[in-house]
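Here are the chains, one letter per residue:
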Amino acid sequence: MVRLTRIYTKGGDKGETSLGNGARVPKQSLRVEAYGTVDEANAVIGLARLHTQGADDAMLARIQNDLFDLGADLCTPAAATETPGSALRIVAAQVERLEAEIDAMNTELAPLNSFILPGGSPAAAQLHLARTIARRAERHICALAREESVGEQTIAYINRLSDHLFVMARWLNEKGASDVLWIPGANR
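As recorded in an unreviewed UniProt entry, the chain goes by Corrinoid adenosyltransferase and comes from Magnetospirillum gryphiswaldense. Check the Sequence similarities (unreviewed entry) section of the UniProt entry for the chain; it says "Belongs to the Cob(I)alamin adenosyltransferase family."

Q: Tell me what's going on with the overall build of the chain, and back it up with residues and numbers.
A: Within the chain one finds five helices and four strands. In the chain, the succession of helices and strands from N to C terminus is β-β-α-α-α-β-α-α-β. Dimensions of the chain, computed from C-alpha atoms along their principal axes, come out at roughly 50 × 35 × 35 Å. Taken across its 188 residues, the chain has 41% of its residues classed as buried. Looking at the chain alone, contacts between residues at least 24 apart form 72% of all its contacts between residues at least 6 apart. Once the 20 positive and 23 negative side-chain charges of the chain are each reduced to a mean point, those two points are 6 Å apart.

Q: Now, about the UniProt feature "domain: Cobalamin adenosyltransferase-like" (unreviewed entry) in the chain: what can you tell me, with residues and values included?
A: UniProt's feature table lists "domain: Cobalamin adenosyltransferase-like" (unreviewed entry) at residues 7–172, given in the numbering used throughout. The span residues 7–172 carries 61% helix and 5% strand; its end-to-end C-alpha distance comes to 36 Å.

Q: An account of the environment of Leu67 is needed here, citing residue identities and associated values.
A: Within the fold, Leu67 resides in helix α2 (residues 54–75). Given the relative accessible area of 2%, Leu67 is considered buried. Separated by 31 residues in the primary sequence, Leu67 and Gly36 place their C-alpha atoms 11 Å from one another. Not counting residues within four places of it along the chain, the set of residues in contact with Leu67 comprises Val38, Asn42, Ile45, Tyr157 and Leu161.

Reading the values: the criteria
Residues numbered from 1 in each chain as written. Predicted model: local features only at pLDDT ≥ 70, side-chain atom pairs only at ≥ 80, totals over all residues. Heavy atoms only, no water. UniProt positions renumbered as here; feature names shortened; annotations may be inferred. Helix = DSSP H or I, 4+ residues; strand = E, 2+ residues; numbered from the N terminus. Buried < 20%, exposed > 50% of the residue type's maximum accessible area, 1.4 Å probe, protein only. Contact = heavy atoms within 4.5 Å. Lys, Arg positive; Asp, Glu negative; His and termini not counted. Charge placed at Lys NZ, Arg CZ, Asp CG, Glu CD.

This is the structure we're talking about:
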């Protein structure tokens, strides 16, 4: 567990921050941008949870915890000598859980005949926002992966998460009945 006794350290006052391994990097580094964007997606999921309950809320709570795992994964660069379990990493079981939840929700949704505009219920609209932030996080993580190592399941998790948030937004829009559909050229 993490124990925080002091919130401010003044260590970042000169534009650098510490990674999980103690290395100092600029705050605008790809790695910091990646895990900062994951944190942003997590915050929006927290807003969506204000409008959910029961199993839906529990699903989002698990995702929020996973996103802290993902942040921990991203803030600790993999070392060449890293042994399994020595650092917190996203694992295949977390990706598989997202896939199972997507499949379970999707079986009760009608196929799409149009693109969906973000909206419908408050929870769905916020999940669409979280989805777009997760997509941005994915772009940052992919850019980081071209320069440095990232956990084996990291990109798979964030990619699956945006799919999950899309399907769950539809699910929370009365299983798609309240989806706001795009009408191509409607305002010409």
